[in-house]
Amino acid sequence: MSISEGTPGRWQVYAATTTAVLATAVAGGRAVDADSAWYRSLEKPAWQPPSWAFGAVWTPLYASIAWAGGRALLRTQGRQRHALATSLGLNLTLNTAWNWLFFRRRSPAVGLVGTVLLDVSNADLIRRTARADRTAATALLPYAAWCAFATVLDADIARRNHVKRP
């Protein structure tokens, strides 16, 4: 595949997707306070993974988003590239937003709305990515699966704590 004049080269595209994903991780992480009295007081299901598992899972997922996003963007042009970049940007914004909705608003119910929107965005991102590159779209499936799991977990926490807001 050749890159047309005026189109960012491979390293610029991967640098851009990596930077966007890193910004997402940092901005989202700033909202998380799993040691807060509020979070510790929430009733959680026994099947919730331990706190350390979230970092262990998110690190490779974020790497796969950066890689898949870059790979797919390099295989698109024009409107298709713009639509894919917009879908990725919206997805990363929703990814960050969940942390702020759940932890900073101290609302599992509002967080649930955010994670459902993220699930819808994941489906759109995978659909658009698959049009450009099936391998990149396949790399996003674990991310979508983890987010779907998070939606179920958030729904259970919201149900168990439907009025618990200080």
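Structure's up top.
Engineer: I'd like to hear about the environment of T18, residue by residue, with values.
Structural biologist: Within the secondary structure layout, T18 lies in helix α1 (residues 10-31). Overall, T18 belongs to the partly exposed group, its relative accessible area being 35%. Sequence spacing of T18 and I65 is 47 residues, and the spatial spacing of their C-alpha atoms is 8.4 Å.

Engineer: Kindly report on the side chain of T151, identifying the contributing residues and their values.
Structural biologist: Within the fold, T151 resides in helix α6 (residues 134-160). The class for T151 is buried, based on a relative accessible area of 12%. Apart from the residues lying within four places of it in its own chain, the contact partners of T151 are L112, T115, V116 and D119.

Engineer: Give a description of empty space enclosed by the protein that names residues and reports values.
Structural biologist: The full count for this structure, using the stated rule, is 2 cavities of 30 Å³ or more. As a volume, the second largest cavity reaches approximately 30 Å³. Lining the second largest cavity, in full, are I65, G69, A72, L84, L88, L125, T129 and L140. Mapped onto the lining of the second largest cavity, the elements with two or more residues apiece are α3 (51-74), α4 (78-104) and α5 (108-132). A total of 3 residues in the lining of the second largest cavity trace back to one element, the largest contributor, which is α3. The class makeup of the residues in the lining of the second largest cavity is 6 nonpolar, 2 polar and no charged.

Engineer: Describe the pattern of salt bridges, listing the residues and the values that go with them.
Structural biologist: Pairing between side chains of opposite charge can happen when the charged atoms of each approach one another. Under the defined criterion, the tally for this structure stands at 7 salt bridges. Among the ionic pairs, R127 bridges to D124, the shortest N-O distance being 2.5 Å. Of this pair, R127 and D124 both sit in helix α5, 3 residues apart, which is roughly one turn of that helix. Since its relative accessible area comes to 23%, D124 is described here as partly exposed.

Engineer: Kindly report on the packing of α3 against α4, identifying the contributing residues and their values.
Structural biologist: One way to put it is that α3 packs onto α4 with a least axis distance of 9 Å and a crossing angle of 165 degrees. When the axes of α3 and α4 are compared, the pair comes out roughly antiparallel. Here α3 runs over α4; the crossing is left-handed. Only R81, L84, A85, L88, L92 and N95 of α4 make contact with α3, whose side of the interface consists of W58, Y62, I65, G69, A72, L73 and L74. Looking at the contact of α3 with α4 residue by residue, the classes come out as 10 nonpolar, 2 polar and 1 charged.

Engineer: Mind laying out unusual backbone geometry, listing which residues take part and the relevant values?
Structural biologist: At R106, a position not held by glycine, the phi torsion is positive, near 55 degrees. For R106, the position within the fold is in the loop between α4 and α5. By relative accessible area, R106 is classed as partly exposed at 34%.

Engineer: Pulling in residues and values, what's your account of the nonpolar core?
Structural biologist: Core analysis: the biggest nonpolar cluster contains 27 residues, and V21, W58, I65, L88, L140 and Y143 have the highest contact counts within it. Elements with a contribution of two residues or more to this core: α1, α3, α4, α5 and α6. Among the elements that line this core, the one with the most residues is α3, at 9 residues. Contact partners of L88, with chain neighbours within four places excluded, come to T17, I65, G69, L73 and L125. Listed in part, the 8 residues of the second largest apolar core include W98, F102, F103 and L153.

The rules behind each value
Residues numbered from 1 in each chain as written. Predicted model: local features only at pLDDT ≥ 70, side-chain atom pairs only at ≥ 80, totals over all residues. Heavy atoms only, no water. Helix = DSSP H or I, 4+ residues; strand = E, 2+ residues; numbered from the N terminus. Buried < 20%, exposed > 50% of the residue type's maximum accessible area, 1.4 Å probe, protein only. Contact = heavy atoms within 4.5 Å. 1 Å grid on protein atoms, 1.4 Å probe; cavity = no way out; pocket = protein on both sides within 12 Å on 5 of 7 lines; lining within 4 Å. Points joined across faces, edges and corners; volume = space filled by probe spheres on them. Nonpolar A, V, L, I, M, F, W, Y, C, P; charged D, E, K, R; others polar. Salt bridge = Lys/Arg side-chain N within 4 Å of Asp/Glu carboxyl O. Axes fitted to C-alpha atoms, helices over the stretch in contact; angles between N-to-C directions. Parallel < 35°, antiparallel > 145°, perpendicular 65-115°, else oblique. Left-handed = near helix turned anticlockwise from the far one by under 90°. Core = buried A, V, L, I, M, F, W, Y, C linked by side-chain atoms within 4.5 Å.

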